[in-house]
Amino acid sequence: MPLRLFNTLTGQLDELTPSDGKALRMYACGPTVYDYGHIGNFRTFLQVDVLRRFLLLSGIPVRHVMNITDVDDKIIRNAAAAGVSIGEYTKVYEKAFFEDLESLRVERPEQIARATEHIDRMVQLVQKLAAAGAAYQAEDGSWYFRLKAFPEYGKLSKKDLSGMEDGARVDVDEYEKDSARDFALWKAAKPGETSWDTAIGRGRPGWHIECSAMAMEYLGDSFDLHAGGEDLMFPHHENEIAQSESVTHKIFARHWFHVRFLLVDGRKMSKSEGNFYTLRDLLLKGYKASSIRLALISVPYRHQFNFTFDGLIEAAAAIDRLRTFTARLKTGTFAAGENPELQAAALEAQADYIAALNNDLNTAEARAPIFDLLRAANTAIDQGSLFAGDRDAILAVLASFDRVFDVIEDHDAEPTRAALAWAEQAGRMNDVAPELLARQGLTDEAIDALVAERTTAKKQRNFARADQIRSELAEKGIVIEDSKDGVRWKRK
Ligand code: AMP
Ligand code: ZN
């Protein structure tokens, strides 16, 4: 059974298969690296990760391209305020973004494309649009897309754009709600702003052109799937279609995958609303990366999802059950043989979980058969009717499930450690939950106690233990300094 996925363009569930018979070519709009990402952003990247991993699990190779928007209005504004170049400014947030993806175990796309490294390609596209009569240059030197040149404008978002004004223009990168206007492809240089000297004049690209240029560069004029959060459908994705199809006269992306918002109290989680949490905020509150991953993927992508801390606690409990159960299977001793009922239950769980994902990536339904299997197997273990063959069959189902969900194997120590190291360096130790410090053995009292134990060990010439304590603390970012006045410690 192939994957059937809702396609915004056709308004129905469509089968998703590689059109070239080889690899599924997909483009996902990436982050604007002007700040730390919030977990609403990560919901979108996580749902794309579920799609990607499920395709791979189904035996379909994937060629996944993601852009990094490293030049836009906000970046230019913030870099200028900080007195640094845009490159220096974005470097920090791009690095943080990839660290966060790693913490959440989001797989890396095959290709990362930075806007500032593809300016030539964008300029060429503007030139082609101009030659096709779909772009014009305004008095100030900026270039605009002529909406009237693309009668199909609006086919993705299905908005009624009949009232659109011919020649009315918009040049901000920020999202626009309902007005369709000629949009900026290239913005003429303003004094003091980053700009490039090109064949279409000195300036910098608009936001939309980068995705058209880079998607076609790496995936060809026509490719299989384009992804992003629901806010990008209009105007960003509509504009991408217009820019690309006006030049190629081919369908740009066959399938459009839009992830609905993460909400807080019914409102979109966003920087401008101020109702957001970054991944780091949550890690410092003591939530584990796996809980955040599971909570953000368990509500299917086509539903908006209201963020709550209870949701994180529920996810942590579910993971705990999965991990305890897996350990019980791995460490228990089971007699050789098979229980036909459990063999059938394992087959059924596998089939049901795959069927749920094939049905428009229904991650909520995909979880249920795994927990049914867990219950049946636990009962069988208690009754002595689970055998080695069943253990192997069930572990195989769990491994398959984890290929997509990736929460059973425990990788939680590193993200927490990294978040603490970051908090230390960013002066955010006040935001660290006391329970987390205690769990890490990092309260001042715990450290004082270890340092005192080390001093005693040294006096007793137990240097092995003294060294062990020093390296244990070093691993947690605590440095011990011996001086003639005694021993001091500090956080690195
Ligand atoms: P940005 O860095 O603002 O361009 O956003 C990166 C990605 O996150 C885009 O695909 C957005 O559509 C998506 N996004 C932004 N806010 C949310 C939210 N509250 N829930 C889900 N996705 C979001
Ligand atoms: Zn984009």
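These numbers come from a predicted model, not from an experiment. (Residues numbered from 1 in each chain as written. Chains lettered and ligands numbered in written order. Predicted model: local features only at pLDDT ≥ 70, side-chain atom pairs only at ≥ 80, totals over all residues. Heavy atoms only, no water.)

> So what exactly am I meant to see when it comes to the overall build of the protein here?
Along its length, the protein carries 16 helices and 18 strands. For the protein, the spread of C-alpha atoms along the principal axes amounts to about 80 × 70 × 40 Å. Here the protein holds 492 residues, and 52% of them are scored as buried. Contacts in the protein between residues far apart in sequence, at least 24 positions, make up 74% of those at least 6 positions apart. Of the side chains in the protein, 62 bear a positive and 75 a negative charge, and the two mean positions are spaced by 4 Å. (Helix = DSSP H or I, 4+ residues; strand = E, 2+ residues; numbered from the N terminus. Buried < 20%, exposed > 50% of the residue type's maximum accessible area, 1.4 Å probe, protein only. Contact = heavy atoms within 4.5 Å. Lys, Arg positive; Asp, Glu negative; His and termini not counted. Charge placed at Lys NZ, Arg CZ, Asp CG, Glu CD.)

> Can you help me understand the coordination of the zinc ion (ligand 2) in this one?
Each angle at a metal carrying four tetrahedral donors should ideally be 109.5 degrees, and each at a metal carrying six octahedral donors should ideally be 90 or 180 degrees. Looking at the zinc ion (ligand 2), the protein donor atoms are C29 (SG), C211 (SG) and H236 (NE2), and they sit 2.1 to 2.2 Å from it. Mapped onto the sequence, the residues coordinating the zinc ion (ligand 2) show the spacing C-x181-C-x24-H. Highlighted residues: C211 in helix α5 (residues 207-219) and H236 in helix α6 (residues 233-248), separated in sequence by 25 residues. Neither residue differs from the other here; C211 and H236 are each classed as buried. (Donors = N, O, S within 2.8 Å, 3.2 Å for Na, K, Ca; no water.)

> I tried to follow the sheet that holds strand β14 (residues 262-264) on my own but got confused; where do I start?
Pairing between the strands of a sheet is mediated by backbone hydrogen bonds and can be parallel or antiparallel. Spatial ordering of the open sheet is given by β15-β14-β16, a layout of three strands whose pairing is mixed. The sheet is open, and its two edges are formed by β15 (267-268) and β16 (305-306), each paired on a single side. For β14 and β16, the ladder comprises two bridges, and the chain directions are parallel. Along β16, the bridge assignment pairs L262 with F305. (Pairing = 2+ DSSP bridges.)

> So what exactly am I meant to see when it comes to unusual backbone geometry here?
With glycine set apart, most residues show a phi of negative sign, and most peptide bonds adopt trans. The linkage connecting F234 with the following residue, P235, adopts the cis geometry, with an omega of 0°. Position of P235 among the secondary structure elements: in helix α6. For H249, which is not a glycine, the phi torsion comes out positive at approximately 55°. For H249, a relative accessible area of 68% translates into the label exposed. Its identity is not glycine, yet D265 carries a phi of approximately 50°, on the positive side. By the element assignment, D265 lies in the loop between β14 and β15.

> Would you mind going over the domain arrangement of the protein with me for this structure?
Many authors give the size of an interface as the accessible area that is lost as the parts come together. One can read the domain layout of the protein as domain 1 (4-259), domain 2 (267-405) and domain 3 (441-491). The C-alpha centroid of domain 2 is placed 34 Å from the C-alpha centroid of domain 1. On the side of domain 2, 35 residues touch domain 1, which itself brings 36 residues to the contact. When the two sides are added together, the surface that domain 1 and domain 2 hide from each other amounts to roughly 3,100 Å², 62% of it contributed by carbon and sulfur. For domain 1, the biggest contributors to the area lost against domain 2 are I39, R43 and F54; these three give 24% of the whole. At the junction of domain 1 with domain 2, the criterion picks out five salt bridges. (Domains from an automatic or database assignment. Buried area = accessible area lost by both parts, 1.4 Å probe. Salt bridge = Lys/Arg side-chain N within 4 Å of Asp/Glu carboxyl O.)

> How should I be thinking about the packing of helix α10 (residues 340-358) against helix α12 (residues 388-405) in this particular structure?
Two quantities define a packed helix pair, namely the angle between the helix axes and the distance between the axes. Interhelical geometry of α10 versus α12 gives an angle of 10° and a closest axis separation of 9 Å. Classified by the interaxial angle, the pair formed by α10 and α12 is roughly parallel. Every residue of α12 that contacts α10 at L342, Q343, A346, A349, Q350, Y353 and L357 is listed here: G389, D390, A393, I394, V397, S400, F401, V404 and F405. Tallied by class, the residues present in the contact of α10 with α12 amount to eleven nonpolar, four polar and one charged. (Axes fitted to C-alpha atoms, helices over the stretch in contact; angles between N-to-C directions. Parallel < 35°, antiparallel > 145°, perpendicular 65-115°, else oblique. Nonpolar A, V, L, I, M, F, W, Y, C, P; charged D, E, K, R; others polar.)

> What am I meant to see in the packing of aromatic side chains here?
Two aromatic rings are characterised by how far apart their centres lie and by the angle between their planes. This model, assessed by the stated rule, comprises 19 aromatic pairs. Seen from their ring centres, F97 and F98 are 5.4 Å apart, and the 65° between their planes marks the pair as edge-to-face. You can call F97 buried: its relative accessible area is 5%. Both rings, one in F257 and one in Y301, keep their centres 4.4 Å apart while their planes meet at 35°; by these two values the pair is tilted. One end of the pair, F257, is in strand β13 (residues 253-259); the other, Y301, is in the loop between α8 (289-298) and β16, and 44 residues separate them in sequence. One exposure class covers both F257 and Y301, and it is buried. Within the aromatic cluster, the residues linked to one another by ring pairs are Y36, Y89, Y93 and W422. Sitting over the ring of F98, R108 keeps its end group 4.0 Å from the ring centre. (Phe/Tyr/Trp six-rings, centres within 6.5 Å; stacked < 30°, edge-to-face > 60°. Lys NZ or Arg CZ within 6 Å of the ring centre and 35° of its normal.)

> Would you explain the pairing of strand β2 (residues 12-15) in this entry?
Each regular strand carries side chains that alternate between the two faces of the sheet. When strand β1 (residues 4-7) meets β2, the two strands line up antiparallel, connected through four bridges. Of the residues in β2, the one forming a bridge with R4 is E15. Connecting β1 to the next strand, β2, in antiparallel fashion are four residues, including G11 with a positive phi near 70°.

> How do you make sense of the environment of S400 when you look at a structure like this?
When you line up the elements, S400 lands in helix α12. Residue S400 is classed as buried on the basis of its relative accessible area of 11%. Residues in contact with S400, not counting those within four places in the same chain, are L57, Q350 and Y353.

> Sorry, what's going on with the pairing of strand β12 (residues 223-229) here?
When you tally the buried positions in β12, you get seven out of seven residues, the bulk of the element. Of the strand pairs in this sheet, strand β3 (residues 24-28) and β12 are connected by three bridges, and their pairing is parallel. In the sheet register, M26 faces β12, and the bridge partner there is L225. Relative to β13, β12 is paired through six bridges, and the arrangement is parallel. Note that in β13 the partner of G229 across the bridge is V259. In this region the chain leaves β12, passes through α6 and returns to the parallel neighbour β13; the handedness of that crossover is right-handed. (Right-handed = clockwise from strand over helix to strand, strands pointing away.)

> Hey, could you run me through the site of ligand 1 in this one?
Contacts to ligand 1 come from 17 residues, most closely from G40, T44, D231, L262 and M269. Here N41 contributes a side-chain N or O atom positioned 3.1 Å from an oxygen atom of ligand 1. The separation between a nitrogen atom of ligand 1 and a polar main-chain atom of L262 is 2.8 Å. Contact with the protein chains covers 94% of the free accessible surface of ligand 1, which is 490 Å². Contributions of two or more residues to the shell around ligand 1 are made by α1 (39-57) and β12. For the shell around ligand 1, the leading source of residues is α1, giving four residues. A class-by-class count of the residues in the shell around ligand 1 yields seven nonpolar, seven polar and three charged. (Near = heavy atom within 4 Å. Polar contact = N/O pair within 3.5 Å; in protein donor to acceptor, adjacent residues only side chain to side chain. Areas by Shrake-Rupley, 256 points an atom, 1.4 Å probe, with all protein chains shown as cover.)

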